[in-house]
Each structure stands twice: as structure tokens, then as C-alpha cells.
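Geometric and topological summary
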Amino acid sequence: MDFNVKKLASDAGVFFSRAMQFTEEKLGQAEKTELDAHFENLLARADCTKNWTEKILRQTEVLLQPNPSARVEEFLYEKLDRKVPSRVTNGELLAQYMTEAANDFGPGTPYGKTLIKVGETQRRLGAAERDFIHSASLNFLTPLRNFLEGDWRTISKERRILQNRRLDLDACKARLKKAKAAEAKAAAEHELRLTQTEFDRQAEVTRLLLEGISSTHVNHLRCLHEFVESQTNYYAQCYQYMLELQKQLGSSKGEIFSGTFVGNTESTSPPAAATSPPAVGAATLPAVPTIPVVPTIVGVPNTVAEGVLNPNEVKPPASGTRKARVLYDYEAADSTELALLADEMITVYSLPGMDPDWLIGERGNQKGKVPVTYLELLS
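Bear in mind that the values here come from a model prediction, so they are computed numbers and not experimental data. (Residues numbered from 1 in each chain as written. Predicted model: local features only at pLDDT ≥ 70, side-chain atom pairs only at ≥ 80, totals over all residues. Heavy atoms only, no water.)

1. Regarding the sheet that holds strand S5 (residues 375–377)
- Pairing is antiparallel in the open sheet, where five strands are placed in the order S4-S3-S2-S1-S5. Edge positions in the sheet fall to strand S4 (366–371) and S5, since each has one partner strand and no second. The sheet shows a mean angle of 40° between the axes of neighbouring strands, taken without regard to direction.
- In terms of strand pairing, strand S1 (residues 322–326) meets S5 through three bridges, oriented antiparallel. When the sheet's bridge partners are listed, Val326 is paired in S5 with Leu375. (Pairing = 2+ DSSP bridges. Helix = DSSP H or I, 4+ residues; strand = E, 2+ residues; numbered from the N terminus. Axes fitted to C-alpha atoms, helices over the stretch in contact; angles between N-to-C directions.)

2. Quick word on helix H5 (residues 110–178)
- For H5, which comprises 69 residues, the first-to-last C-alpha distance of 97 Å matches the rise-based estimate of 102 Å (1.5 Å per residue) to within 8%.
- Of all bends in H5, the biggest is about 40°, found at Ser137. (Expected span 1.5 Å × (residues − 1). Bend = angle between axes of the 7 residues up to and from the residue.)

3. Focus on the side chain of Ser230
- On the secondary structure map, Ser230 appears in helix H7 (residues 213–261).
- On the accessibility criterion, Ser230 (10% relative accessible area) is buried.
- In this structure, Ser230 is in contact with Phe132 and Ser135, ignoring residues within four places of it in sequence. (Buried < 20%, exposed > 50% of the residue type's maximum accessible area, 1.4 Å probe, protein only. Contact = heavy atoms within 4.5 Å.)

4. Re the packing of helix H2 (residues 37–64) against helix H6 (residues 182–211)
- Two elements in contact, H2 and H6, have axes whose closest approach is 10 Å; the angle formed by their N-to-C orientations is 50°. Comparing their axes, H6 and H2 come out oblique. Regarding H2 and H6, the two cross each other, and that crossing is left-handed. Judged by residue contacts, His38, Phe39, Leu42, Leu43 and Ala46 of H2 engage Ala203, Thr206, Arg207, Leu210 and Glu211 from H6.
- Within the contact of H2 with H6, the residues separate by chemical class into six nonpolar, two polar and two charged. (Parallel < 35°, antiparallel > 145°, perpendicular 65-115°, else oblique. Left-handed = near helix turned anticlockwise from the far one by under 90°. Nonpolar A, V, L, I, M, F, W, Y, C, P; charged D, E, K, R; others polar.)

5. Remarks on the packing of H5 against H6
- Viewed as axis vectors pointing N to C, H5 and H6 meet at an angle of 160°, and their least axial separation amounts to 8 Å. The angle between H5 and H6 places the two elements in the roughly antiparallel class. In the crossing of H5 with H6, the sense of the turn from one axis to the other is left-handed.
- Of the residues that constitute the contact of H5 with H6, the class distribution is 13 nonpolar, five polar and 11 charged.

6. Some details on the pairing of S1
- With burial as the criterion, only one face of S1 is covered, namely that bearing Arg322, Ala324 and Val326; the residues Lys323 and Arg325 on the opposite face remain uncovered.
- Where S1 lies against strand S2 (residues 345–349), four bridges are found, and the strand directions are antiparallel. Among the inter-strand pairings, Arg325 is bridged to a residue of S2, identified as Met345.

7. A short note on the pairing of S4
- The sheet contact formed by strand S3 (residues 358–363) and S4 spans six bridges and is antiparallel. Among the inter-strand pairings, Arg363 is bridged to a residue of S4, identified as Gln366.
- Connecting the antiparallel pair S3 and S4 is a turn made up of two residues, with Gly364 showing a positive phi of about 65°.

8. Examining the nonpolar core
- With 30 residues, the main nonpolar core has Phe39, Phe132, Phe140 and Leu210 as its most contacted residues.
- Of all elements in the fold, only H2, H5, H6 and H7 reach the threshold of two or more residues within this core.
- When residues in this core are grouped by element, the largest group, 14 residues, is from H5.
- The next biggest cluster of nonpolar side chains, apart from the first, holds 12 residues, and it includes Val326, Leu359, Val370 and Leu375. (Core = buried A, V, L, I, M, F, W, Y, C linked by side-chain atoms within 4.5 Å.)

9. Examining the pattern of salt bridges
- In this structure the tally under the stated criterion is 16 salt bridges.
- Among the salt bridges present, the one from Glu61 reaches Arg145, with a minimum N-O distance of 2.8 Å. Of this pair, Glu61 sits in helix H2 while Arg145 sits in helix H5, and the two are 84 residues apart along the sequence.
- Judged by relative accessible area, which is 23%, Glu61 ranks as partly exposed.
- Here the salt bridges share partners, and the residues they tie into one network are Asp36, Glu204 and Arg207. (Salt bridge = Lys/Arg side-chain N within 4 Å of Asp/Glu carboxyl O.)

10. Considering the packing of aromatic side chains
- Counted by the stated rule, this structure contains nine aromatic pairs.
- On the basis of an interplanar angle of 5° and a centroid distance of 5.0 Å, the ring pair of Phe132 and Tyr234 is categorised as stacked. In this pair, Phe132 sits in helix H5 while Tyr234 sits in helix H7, placing the two residues 102 residues apart along the sequence.
- By relative accessible area, which is 13% here, Tyr234 ends up buried.
- Among the aromatic residues, those joined into a ring-pair cluster are Phe132, Phe140, Phe227, Tyr234 and Tyr235.
- Against the face of Trp52 rests Lys55, its NZ or CZ located 4.6 Å from the ring centre.
- The ring of Trp358 has Lys369 lying over it, and the distance from NZ or CZ to the ring centre is 5.1 Å. (Phe/Tyr/Trp six-rings, centres within 6.5 Å; stacked < 30°, edge-to-face > 60°. Lys NZ or Arg CZ within 6 Å of the ring centre and 35° of its normal.)

11. Observations concerning the side chain of Thr60
- Within the fold, Thr60 resides in helix H2.
- Residues within four places of Thr60 in sequence aside, it is in contact with Phe140, Leu141 and Phe227.

12. Details of helix H4 (residues 90–105)
- The terminal C-alpha atoms of H4 lie 22 Å apart, and with 16 residues this matches the ideal 22 Å at 1.5 Å per residue to within 8%.
- Taken residue by residue, H4 has Gly91, Glu92, Ala95, Met98 and Ala102 as its buried positions. Relative to the axis of H4, the buried residues are bounded by an arc of 120° and lie together on one face. In this structure, H4 carries Asn90 and Asp104 as exposed residues pointing more than 90 degrees from its buried face.
- Against H5 lie the buried residues of H4. (Arc of directions from axis to C-beta.)

No statement about biological role is implied by the geometric values presented.
Below is the structure:
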């Protein structure tokens, strides 16, 4: 018990004396051993690496898992050294709901069929997201965490020891200056030599660890390349899945709206059910916009040969013409096509035998084929 009290008192005395020493150094009343400029640069570089690694790690975690409560749960599982439970991604959950809805509405109905197709794509997107998160966590987040929890802790520990060695060295220098008697000076000089040796040894150990930050940067650079590669693969997969879905919906949409127009050619404008919705995703994916396909109008003579159109021979149908707004500039490939300017209004209609991805467009006396993917169909 007495030993513990003495040790506690000794530690308290050391803490108090060092606090006083720090204060005197700040006030310029005590000598402070300065490290060389190269060593100070290594310290600043290490601190910068630690701070930015923490920020990049936290923001990457937010990118991979936007839900803060889920991140806290994963953190607790890691600290408890337990396996994090597998979670259903948002895409997979949406796919599940769409599939169940299709079964209720009838998988054979047009709406049910479309729900199944979109749900399957959402499931594939969710699976791709799961693979990306796993790859990014393994190849990018784990090395960053290992640095912060391993190498940086070692560096911090050795830096604290070096700080204590420096304080001891400066205290010895102060005692030597105050020594008056020869014996006291000799003892102070001997203590100073020992303390200087310990300080130099600790400074060398810390320097080697700080210089290892360069290897850390090389390792993190390699991990960054792997992260970008996995992210590229993920978005490429998503893009491919959405292209396939768009093709499927485009073909089925033509069938649906074609069936709606049959028997309604007496009306001067298409019924409300046949009005195509605005392009979904045109703003977010300009290269591959999603535009409704205009159906064929029944009863119009077939003036379109296989892939060949003579604009002078094409006459607009008695009914079924529509107004359309041009979404993007389009340059005509040949004389059978009509060049378009973004935001202009034109009249469009379809003819029997035409490719469903094209319409006949009229602007004043000009006439020619126009791609439906460049149009927003109006009333």
C-alpha cells in the first residue's frame, strides 16, 4: 500500500514538474531542445496523412452506407469482434416489392409483366451494389483502418516517448546550469550524457517510423486504384443492366400503345390512356434517353419501304398526328431525315411498317424521319 502511494506521489510530482516546464517553455523562461527541420517536416507530413486518412475513411463509409444507424451497428459489431449480419440492399428490397406486386396484379398483365422486368433489373443492381461495397471495404477501407489503428498508434506512442525524453533532457540541462559545487556539476553532467543518449536513440526510432509514411502513401495509392476500378466496374454493370431493361421496355411499350390506338383512328387526338409520359431519366442519362414509342396508325397507306423513305411521297394521316418538343440537337444523316434543334416544336406521326424507333417529322415545308429518342411527345 505504501509503495502504491509513493508511486502515485512520484507520478504526480513528475506530471506537475513537466506541466511547469511546458509553461515556462511557452513563456520563453526555459530552454527547449529543438528538432531539426527535416524531423519537423516528417512530423507535419505524418499529421497531415493521419488527418486526411480519417476524413477519407469516414466519407467513404458514408458513400458505401448512407444510413448512419447502420454504420453505428456495423461499428459495434466490429468492436465486439462479431460478424456483421448480411443486409438486403435497397435495390433488392425494391425488387422484392415489385415482384410481390406483380403477383397480386397478375403476372400476365402488361403492368405485371413490366413490374417483373423492372424488379429483376433492380435485383441485379442490388447484387452489383453488394459486390461493390464488399470489394471497396476489403481493398480500400480495410487498409486505411489498419494504418490508423496500427502504424499510426505506434507512431503516436513513440512520439510521446520522444517528448518525454526531450523534457528530461531539458530538465537535466537546467539542473547543470544551476549546479554550483563540483560534485553536483559532475553528477549533472553524467545524468545529462545518459539522458542525451536516450533522447538520440528515441529520436532515431521515431524518425524511422515517420519516414515509413512514404511506404504508407504507396500502399494507399495502390488501394485507391483498386477502389476506382471496382467503382468503374460497378457503374458499368449498372449501365449495362439499364440498357437491357430499356430495350425490353421499349419493345413492350410499342406493343401496348399500338394496341391502344387500334380502333380509335376517328379521334383527332389520341385518347388520354395513349398519351405517352415524358421521358424518364432524360436529364440524368442524356446519352441514352428513355422516350415513349409512338404506335402505328391504322388505315394509313404503307408508303415506307424497308428502311427507305422519300419525304416527297409521304403524306400525313388524316388523324393521329401529334406535337413534339425536341430534347436535343440532331443532325440529319441523309436526305430522308429531318435535322432537329433543341426545344423546337414539330409535328410527328407514324406510318405502317416503320421502325418503331423513328417517326415522320414535319416543320413547315420540311419533312423527314426523326428519332423518337430525341423527342418529348405532347398532346
